[in-house]
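Overview (structure and organization)
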Amino acid sequence: MESNLYSKIAEHVRDQIRHGLFDVGDKLPSVRVLAKQQQVSIATVNSAYTLLESRGLIESRPKSGYYVLRATEDKLKQPTQIRSLPKPRPANISQLIMQVQRDAAARNGLTMSSAIPNLDFPIVGLLKKTYTRIARQRGYLGNGYDAPEGLPAFRQQIARRAIDAGVFVSPDEIITTAGCQNAMALCLQVLTKPGDIVAVESPAYYGLLQLIQAYGLRAMEIPSHPQTGMSLEALKLALHEWPVKAVMTVGTFSNPMGTLMPDEHKRELVGLLERHDVALVEDDIYGELQFGEIRPKAIKAYDTGGRVLLCSSLSKTVDPQLRLGWVMPGRYLDQITHQKFVNSIASPSLPQLVMTEVLSQGAFDKHLRLARETYRHRFDRLTELVNEHFPPATRMSKPQGGLVAWLELPKIIDATALYHKAHDHGILFAPGEMFSVSGHYRNCMRLSYAQGWSREREHAIALLGHWVSELARSPSHSAA
């Protein structure tokens, strides 16, 4: 398993090479010295060096030791930002999205198309034990339906965790939902009516676009910078020119690019909303998966007027099967509560009881520390593989957290056609066409790096890079 001790030692040495502590040709610490430094066995260091050697980063010289063979240079540039002026459009990309979703659900092959967390973490075992014990110990799980707002003890845990994001709310200001998408759906039902315009970042998570389509709304795509997220200048223009009823964005580690909106932009965005009296639906589902030490603030942290409706869930930090999310709806609390009652009456009690107990323990924060470190290393490995196997014209986002990365391929590449070719070989990714209603990103793809790097997964990236390189050299050929 990738979280084995030797893998961590290998990542430590690789980071030292990446940061210039060892140059190409330099001799690495001997096996005995490194074992003493890291307080591990000689066998563990041998395994770590063997792993790095298999990746072509170091080489063994008989009777001399290990030497750096090549640097882990990142030559990839950031993706480009679209420059077209915002214009409202109907959303209609459901056929491709449903096909990709069904292919991923079938799990017939190597799936890099779904932004789902690694399910091999120890917390999954804790969840199973807690489910079993609570189900056996309690003679009943509740008195019929719970209140629409959800279990008070669970909402208390969510309110406590929100403090790390700079959000201070009472448990009474939180409503549980069947996941984050359900939370956003409730928000749109309250904020809009058919025909209204919703501003959304571009590229955008296709689930947001599907909601916009389902409710007969029009999407106005606001260009996103690959590092800082939604362009506030473009949003200002849209709010001035069009009757936008709501804005939707993922301010922290957006899907699909992994962008992180700076704090000053978040503060400016809230001010812009106040001046135009427009609500914002914030998807904060990746907020606790930062690669750094400090959890970024949510946009809602700067909201004093109750215009920001923060939506999130445990689908990315623990398991999407929980179907346990929430919304902090601000001034729209009563309307969202009523809308939830109309839609589903109440949320199931058992998942809330289980997660209340898990969240109240230190095990959850320990799990997040492990997840953040693991995902950072797995993204670093993806960066190495794309640098090695994809053509030089490839661009890739550099997320500071989350589970996904965005690749911009040479313009000649049709990523949707490439998806069908890869699917026939048992390889799945998310083609860029899914993340826009304007026909953008046909030459882009989203890859998830949450799962461990096996030889098969690394070979899949190499094969994708090989196909892209061939097509880039032979523009008269199609991906099919």
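Each chain has its residues counted from 1, running along the sequence as written. In keeping with the predicted nature of the model, local features appear solely for residues at pLDDT of at least 70, side-chain atom pairs appear and are counted solely at 80 or more, and the whole-chain, interface and lining totals rest on all residues. Only hydrogens and water are set aside when side-chain values are computed; all heavy atoms of the structure are taken into account.

1. Description of the packing of helix H9 (residues 232-241) against helix H10 (residues 263-276)
To keep things clear, this is the line we draw: Interaxial angle, 0 to 180 degrees, is taken between N-to-C directions of lines fitted to C-alpha atoms, where a helix line uses only the stretch in contact. Per the convention used, a helix needs a DSSP run of H or I reaching at least four residues, while a strand needs a run of E reaching at least two, with both numbered from the N terminus. Note on terminology: angles under 35 degrees are roughly parallel, angles over 145 are roughly antiparallel, angles of 65 to 115 are roughly perpendicular, and the others are oblique. Contacts are assigned to residue pairs that have any heavy atoms within 4.5 Å of one another. For this classification, the nonpolar set comprises Ala, Val, Leu, Ile, Met, Phe, Trp, Tyr, Cys and Pro, the charged set comprises Asp, Glu, Lys and Arg, and every other residue, Gly included, is treated as polar.
Relative orientation of the contacting elements H9 and H10 amounts to 5 degrees, with a least axis distance of 11 Å. It follows from the interaxial angle that H9 and H10 lie roughly parallel. Along the contact surface, H9 presents Leu232, Leu235, Lys236, Leu239 and His240, while H10 presents His265, Glu268, Leu269, Leu272 and His276. Across the contact of H9 with H10, the residue classes break down as 5 nonpolar, 3 polar and 2 charged.

2. Quick look at the state of the cysteines
Spelled out, the test is: Here, a disulfide means two cysteine sulfur atoms that sit within 2.5 Å of each other. When accessible area is computed with a 1.4 Å probe and restricted to protein chains, residues below 20% of their type maximum are described as buried, those above 50% as exposed, and intermediate ones as partly exposed.
Scanning all chains against the criterion turns up 0 disulfides. Left unpaired, Cys180 is separated from the closest cysteine sulfur, that of Cys311, by 5.4 Å. Judged by its relative accessible area of 5%, Cys180 is buried.

3. A short note on the packing of aromatic side chains
Any pair of aromatic rings gets described here by the distance separating the centres and the angle formed by the planes. Going by this rule: A pair of Phe, Tyr and Trp rings is counted when the ring centres sit within 6.5 Å of each other, with Trp represented by its six-membered ring. The angle between the planes then sorts it: under 30 degrees is stacked, over 60 is edge-to-face, the rest tilted.
Scanning the model with the defined rule gives 11 aromatic pairs in all. An angle of 65 degrees between the planes, with centres 6.2 Å apart, marks the rings of Phe154 and Trp326 as edge-to-face. In this pair, Phe154 is assigned in helix H6 (residues 152-162) and Trp326 in strand S12 (residues 325-328), connecting sequence segments 172 residues apart. Note on Phe154: relative accessible area 0%, which makes it buried.

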